[in-house]
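# Structural characterization, general
The chain contents come next:
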Amino acid sequence: MEQDAEALESQMEDAPLEGERDDGARELESSESLEGPAPSREDVVLEREAEAAEDEGMSVAPGVEIPTAAPVGAEAPASTEDERKWYVVHCYSGYENKVRHNLEQRIETMGMKDRIFDVVVPTEEEIEVREGKRRTVERRVFPGYLLVQMVMSEESWYVVRNTPGVTGFVGMGNEPTPLRPEEVSQIVKRMEAEAPRIKVTFKIGERVRIIDGPFNDFIGTVDAIDMERAKVRVMVSFFGRETPVELDFLQVEKA
């Protein structure tokens, strides 16, 4: 009996009191009830975005995505530059510069600088020989025409078409036709050529006078003309025989 009493007493000493029972578990249960269930990953991301927005002075409603910058390399919306094209405008021959001046004034006064960008009278430098003298002149590439770079619309068409001296656009029917890029490049290249173009006043079979070189003052007949090399072959009578002589364009003139 005494042994049984001692064993029971030992068990009672080892067992926790009712008020002290599993205090750690109670604290954990209390903590869970206060904090609620663990947040999901999506909630954490939204919360961080909202905090970042608040730091920048913006207020964001829960669940609203914050816009981000467009990625590098993304295509931008089409600009006016993409719509620019060159058109050929017909005008009175000999009045090209006057018509250009009139059109430029209309563009200024009617506020069309954002639709009509450039007006050009294509010209090139040319060397001609008259009475044995060389002179450089500016020659119009397309007499009676202007080039206009513009974005075609009813308003821009009206401004150009109703300019004094303009007689119309070049195109099919009433529809202006823009120049192709390769056509524009060819015209620009011709205008920007460093060497002046030499004006040829003679034709094959015509008589010319040599005005420079060892055959100076000789009279001959044009046998061939090479426009690319700017050379002319003249048949000259030398000691009773016809002799071909190759000369530059500037070494001969019409007899």
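Everything below is about the structure printed above this text.
What counts, and at which threshold
Residues numbered from 1 in each chain as written. Predicted model: local features only at pLDDT ≥ 70, side-chain atom pairs only at ≥ 80, totals over all residues. Heavy atoms only, no water. Core = buried A, V, L, I, M, F, W, Y, C linked by side-chain atoms within 4.5 Å. Buried < 20%, exposed > 50% of the residue type's maximum accessible area, 1.4 Å probe, protein only. Contact = heavy atoms within 4.5 Å. Helix = DSSP H or I, 4+ residues; strand = E, 2+ residues; numbered from the N terminus. Expected span 1.5 Å × (residues − 1). Arc of directions from axis to C-beta. Phe/Tyr/Trp six-rings, centres within 6.5 Å; stacked < 30°, edge-to-face > 60°. Lys NZ or Arg CZ within 6 Å of the ring centre and 35° of its normal. Pairing = 2+ DSSP bridges. Axes fitted to C-alpha atoms, helices over the stretch in contact; angles between N-to-C directions.

This paragraph deals with the nonpolar core. Residues Val89, Leu103, Ile116, Leu146, Val148, Met150 and Val160 are the most contacted members of the largest nonpolar core, which totals 17 residues. If we ignore the near neighbours within four places in the chain, the residues touching Leu103 are Val119, Val148, Val159, Val160 and Thr163.

This next bit is on helix H5 (residues 96-109). Over its 14 residues, H5 runs 20 Å from end to end, which matches the ideal 20 Å to within 8%, given 1.5 Å per residue. For H5, the full list of buried residues reads Glu96, Val99, Asn102, Leu103, Arg106 and Ile107. Down the axis of H5, the sector holding all buried residues measures 140°, keeping them to one side.

In this section: the packing of aromatic side chains. What the rule picks out here adds up to six aromatic pairs. Ring geometry for Phe202 versus Phe249: centroids 6.0 Å apart, planes at 75°, classification edge-to-face. Here the residue Phe202 occupies a position in the loop between strand S9 (197-198) and strand S10 (207-210), and Phe249 occupies one in the loop between strand S13 (241-248) and strand S14 (252-254), the gap between them amounting to 47 residues. Judged by relative accessible area, Phe202 falls into the buried class, the value being 5%. Under the relative-accessibility criterion, Phe249 is labelled buried at 4%. Ring geometry for Phe238 versus Phe239: centroids 4.5 Å apart, planes at 65°, classification edge-to-face. When its relative accessible area of 33% is taken as the criterion, Phe238 is described as partly exposed. The exposure class assigned to Phe239 is exposed, which follows from its relative accessible area of 74%. Taken together, the ring pairs in this structure connect Phe215, Phe218, Phe238 and Phe239 into an aromatic cluster. The ring of Phe117 is capped by Arg84, whose NZ or CZ atom sits 3.7 Å from the centre of that ring.

All right, on to the sheet that holds strand S6 (residues 166-169) then. Ordered in space as S2-S5-S1-S6, the four strands form an open sheet in which the pairing is antiparallel. In this open sheet, the two edge strands, each paired with only one partner strand, are strand S2 (116-120) and S6. Neighbour-to-neighbour, the strand axes of the sheet open up by a mean angle of 30°, direction not taken into account. Alignment of strand S1 (residues 85-91) against S6, held across three bridges, turns out to be antiparallel. Each bridged residue has a counterpart across the sheet, and for Cys91 the counterpart in S6 is Val166.

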